[in-house]
Amino acid sequence: MPDDLVFMMGNFEARIPQDRVYSKSHLWLLPQEDHYRVGFTAYSVRLLQDVYFLDWFIDPFTVVREKQKIGEIESSKALSDLYSPSEGKILEFNEALLNDPSAINQSDNYDKGWLFEMESDAQWLTPPEYLQLLDSVWEQTQRIIKGQLN
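Within every chain, residues take consecutive numbers counted from 1 along the sequence as written. In keeping with the predicted nature of the model, local features appear solely for residues at pLDDT of at least 70, side-chain atom pairs appear and are counted solely at 80 or more, and the whole-chain, interface and lining totals rest on all residues. Only hydrogens and water are set aside when side-chain values are computed; all heavy atoms of the structure are taken into account.

A. Molecular detail of the nonpolar core. Nonpolar cores were defined as sets of buried Ala, Val, Leu, Ile, Met, Phe, Trp, Tyr and Cys residues, with membership established by side-chain atoms within 4.5 Å. Between buried and exposed lies partly exposed: a residue is buried under 20% and exposed over 50% of the maximum accessible area for its type, with that area taken using a 1.4 Å probe on protein chains only. In terms of nonpolar packing, the biggest core is built from 24 residues, with Phe-40, Ile-104, Leu-115 and Phe-116 touching the most fellow members. Numbering of helices and strands runs from the N terminus; a helix is a DSSP stretch of H or I covering at least four residues, while a strand is a stretch of E covering at least two. Within the residue set of this core, elements represented by two or more residues are strand S4 (27–31), strand S5 (36–40), helix H1 (42–48), strand S6 (51–56), strand S8 (69–75), strand S10 (88–93) and strand S11 (116–119). Whether two residues are in contact is decided by their heavy atoms: any pair within 4.5 Å suffices. Discounting chain neighbours no more than four positions away, the residues touching Phe-116 are Tyr-36, Arg-37, Val-38, Trp-56, Ile-70, Pro-85, Ile-90, Glu-92 and Phe-93.

The following block contains the structure:
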C-alpha cells in the first residue's frame, strides 16, 4: 500500500489515502465489492471543524441524481446541505453516526467516519488528481475562510 499523500492546509496536514478515489465535492470513495463506501476527506473535515449533527432526507436504496440534496450536517462552522456526489443508488447509511457523528471528526474518519454506501458508474478523481484539485482551490478557500471573497 503506497503512503498517503498530504496536502498542507497551513500547519494542518490533510491526509489523502491512496487506496480510494475522490469526488470534486471533497468526499472519499473506497471501492467495495460492487459499490463504494463514502465519507468526508480530511480537507472537508478541517473546513467543517467540529461536526455534531447529521440527518438524511432519503431512505436506503434510493436512486439519486448528481448534486441531489440527500441530507444535512451541522458543525461549529455552519449548517450545510449534503449532496450526492454522482448519479447512482444510495444503499446504506452509517447508522452509528446518526447517534454520534463525532467519528467524522476523529483521525479515523477514513474508517469509522464513513457516511453512506452507494452504487455509481461515475468517473472519480485519483489521489494525485484530487491533490491537484486541492492545490488549485486552496487560495480561494483561504479567502472564503477569512471572509475576504466579494
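B. Here's a closer look at the environment of Leu-98. Position of Leu-98 relative to the elements: it lies in helix H2 (residues 95–99). The class of Leu-98 is partly exposed, set by a relative accessible area of 34%. As for Leu-98 and Leu-115, which are separated by 17 residues in sequence, their C-alpha atoms are 9.6 Å apart. Here Leu-98 is in contact with Leu-54, Asp-55 and Trp-56, once residues within four sequence places are set aside.

C. How the structure looks around the sheet that holds strand S9 (residues 79–83). Here, any two strands with at least 2 DSSP bridges between them count as paired. Spatial strand order, S6-S8-S9: three strands in an open sheet with antiparallel pairing. Each end of this open sheet is capped by a strand with a single partner; those strands are S6 and S9. Adjacent strand axes in the sheet meet at a mean angle of 25 degrees when their direction is disregarded. To get an axis, fit a line to the C-alpha atoms, keeping to the stretch in contact for a helix; angles then go from 0 to 180 degrees between the N-to-C directions.

D. Here's a closer look at the layout of surface pockets. Roughly 650 Å³ of internal volume is contained in the largest pocket. Looking at the largest pocket, it is lined by 30 residues, and the ones nearest its centre are Ser-23, Lys-24, Ser-25, His-26 and Leu-27. When residues of the lining of the largest pocket are traced back to their parent elements, those giving at least two are H1, S8 and S9. Cavities and pockets are defined on a 1 Å grid built over the protein atoms alone: a cavity is a set of grid points where a 1.4 Å probe fits but cannot escape, while a pocket is an open set with protein on both sides within 12 Å along at least five of seven lines, and lining residues are those with an atom within 4 Å of any such point. Grid points are joined across faces, edges and corners, and a volume is the space filled by probe spheres set on the points.

E. The arrangement of the side chain of Ser-120 in detail. With respect to the helices, strands and loops of the structure, Ser-120 is situated in the loop between S11 and helix H3 (127–145). Each polar contact in these results corresponds to two N or O atoms within 3.5 Å; when the atoms are within protein, one needs to be able to donate a hydrogen and the other to accept it, and residues that are neighboring in sequence are counted only if both atoms are side-chain atoms. A polar contact of 2.7 Å, which involves the side chain of Ser-120, links it to the side chain of Ser-86. Within polar-contact distance, the side chain of Ser-120 engages the backbone nitrogen of Ala-122 at 3.1 Å. Residue contacts for Ser-120: discarding those within four places in its chain leaves Tyr-36, Ser-86 and Glu-87.

F. Expanded view of the sheet that holds S4. Judged by pairing direction, the sheet is antiparallel, and its six strands sit side by side in the order S3-S4-S5-S11-S10-S7 without closing on themselves. Where the open sheet ends on each side, the last strands, each with one partner, are strand S3 (21–22) and strand S7 (62–64). Pairing geometry for S4 and S5, over five bridges, is antiparallel. Pairing of Leu-29 across the sheet is with Val-38, part of S5.

G. Main features of unusual backbone geometry. The phi dihedral of Gln-49 is positive, around 70 degrees, even though this residue is not glycine. Here Gln-49 shows up in the loop between H1 and S6. Using a relative accessible area of 37% as the deciding quantity, one classes Gln-49 as partly exposed.

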